[in-house]
Amino acid sequence: MVNNLEQGFFGIGIQNGKTPENLGVLWRSAQNMGASFIFTIGNRYAKQACDTHKAVGAMPYFHYENFQDFYKNLPKGAQLVGVELDEKAVHLETFTHPRRCVYLLGAEDHGLSNAAIEKSHFLVKFKSTLSLNVSVAGSIIMYDRQMKLNFS
């Protein structure tokens, strides 16, 4: 019998994504790395040429008009992990991923909103002086999760 509380799940998405290409690349990585769902806050997802695996058709996709709408619909028991260059954020290298969580990334030009930073249960960052491309950052987060939690 599978214990869902031990098994865990995760979703990943972008707040106010800047370019459609970033969304498509992140969705493709999410499908390959075992995400349970994907989402956007603010800007809507549109068909992406770079989503060659058609991830948005292979897993649930949610769109939220604003952060408040997203936050009130977090899955029960899931913790919000904001990815942001912030002084309160811990380095990904030392971060312990929650088994049930939602990763939220901001666009490269604006990052996460103040509300998202304040409401995140955890903030993580990379050892980098400049921001990374959002699809690259999300892919690194998911790979790190997979390696640390020994998911196959």
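A brief look at the structure comes next.

**Some remarks on the overall build of the chain**
Move 1: Along its length, the chain carries six helices and seven strands.
Move 2: The helix and strand sequence of the chain, counted from the amino end, reads α-β-α-β-α-β-α-β-β-β-α-β-α.
Move 3: Looking at the chain as a whole, 46% of its 152 residues qualify as buried.
Move 4: The long-range share in the chain, meaning contacts at least 24 apart out of those at least 6 apart in sequence, stands at 72%.
Move 5: Surface summary for the chain: the accessible area is close to 8200 Å², and the carbon and sulfur share equals 53%.

**So, the side chain of D86**
Move 1: Structurally, the position occupied by D86 is in the loop between β4 (79-83) and β5 (90-91).
Move 2: The buried charged residue D86 lacks any salt bridge partner; its closest oppositely charged side chain belongs to K88, at an N-O distance of 4.4 Å.

**Topic: the pattern of salt bridges**
Move 1: Under the definition given, this model contains one salt bridge.
Move 2: Its salt-bridge partner being K148, residue D144 comes within 2.9 Å of it at the nearest N-O pair. Pair noted here: D144 and K148 are both in helix α6 (residues 134-148), with a separation of four residues, about one helical turn.
Move 3: Taking relative accessible area as the criterion, K148 reaches 32% and is therefore assigned partly exposed.

**A short note on the pairing of strand β7 (residues 122-125)**
Move 1: The pairing of β4 with β7 spans three bridges and is parallel. Across the sheet, G82 pairs through a bridge with L123, a residue of β7.
Move 2: Note: β5 against β7, two bridges, orientation parallel. If you follow V90 over to β7, its bridge partner there is V124.

Criteria and cut-off values
- Residues numbered from 1 in each chain as written.
- Predicted model: local features only at pLDDT ≥ 70, side-chain atom pairs only at ≥ 80, totals over all residues.
- Heavy atoms only, no water.
- Helix = DSSP H or I, 4+ residues; strand = E, 2+ residues; numbered from the N terminus.
- Buried < 20%, exposed > 50% of the residue type's maximum accessible area, 1.4 Å probe, protein only.
- Contact = heavy atoms within 4.5 Å.
- Areas by Shrake-Rupley, 256 points an atom, 1.4 Å probe, with all protein chains shown as cover.
- Lys, Arg positive; Asp, Glu negative; His and termini not counted.
- Salt bridge = Lys/Arg side-chain N within 4 Å of Asp/Glu carboxyl O.
- Pairing = 2+ DSSP bridges.

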